[in-house]
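Now for the letters of each chain:
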Amino acid sequence: MENCIERFYGSAVKRVRDTNIKVISIEPGYTASNLNRDQGIRTTKRAAGIIVKHVALPDMATGQFFDRNGNELGW
């Protein structure tokens, strides 16, 4: 699965390289949704808030992967 995600993001980064579009992946944490039978520890609204907050930061580099606290994670 990781290889598939890496390829998807790598491909997206290459396609928008010469634009103002950023490609960023953010892991908001274990979120309650129908995918896990609502067993996550945060709501989808809270997870969306985390994503929006970090995507809006001007120093987020394209092609990077971040956790819910804004720390860069390795692919």
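Here the structure is a predicted model, which means the values were calculated and not measured.

## A look at the pairing of strand β1 (residues 24-27)
Inference 1: With four bridges joining them, β1 and strand β2 (residues 64-67) adopt parallel strand pairing. Paired with Ser 25 across the bridge in β2 is Phe 65.
Inference 2: Handedness of the β1-helix α2 (residues 44-55)-β2 crossover: left-handed.

## So, the sheet that holds β1
Inference 1: Ordered by their spatial adjacency, three strands build an open sheet running β1-β2-β3, and the pairing between neighbours is mixed. Among the strands making up the open sheet, the edge pair consists of β1 and β3 (72-73).
Inference 2: The sheet contact formed by β2 and β3 spans two bridges and is antiparallel. Across the sheet, the residue bridging to Phe 66 is Glu 72, located in β3.

## Concerning the pattern of salt bridges
Side chains that carry opposite charge are capable of pairing whenever their charged atoms lie near each other.
Inference 1: Scanning the model with the defined rule gives one salt bridge in all.
Inference 2: The partner of Glu 27 in a salt bridge is Arg 68, and the shortest N-O contact between them spans 3.6 Å. With Glu 27 in strand β1 and Arg 68 in the loop between β2 and β3, the pair connects residues that are 41 residues apart, well separated along the chain.
Inference 3: Using a relative accessible area of 28% as the deciding quantity, one classes Glu 27 as partly exposed.

Thresholds, definitions, all that
The residue numbering used here restarts from 1 in each chain and proceeds along that chain's sequence as written. Per-residue local features are limited, in this predicted model, to residues with pLDDT of at least 70; the limit for side-chain atom pairs, both in listing and counting, is 80 or more; totals at the level of whole chains, interfaces and linings are taken over all residues. Side-chain calculation: all heavy atoms of the structure are included, whereas hydrogens and water are not. We treat two strands as partners when DSSP finds at least two bridges between them. Each helix is a run of H or I in the DSSP string that is no shorter than four residues. Each strand is a run of E no shorter than two, and both are numbered from the N terminus. Clockwise travel from the first strand over the helix to the second, with the strands pointing away from the viewer, marks a crossover as right-handed. The term salt bridge refers to a side-chain nitrogen of Lys or Arg lying within 4 Å of a carboxyl oxygen of Asp or Glu. Exposure is judged per residue with a 1.4 Å probe applied to protein chains only, and the accessible area is read against the type maximum: over 50% gives exposed, under 20% gives buried, and values in between give partly exposed.

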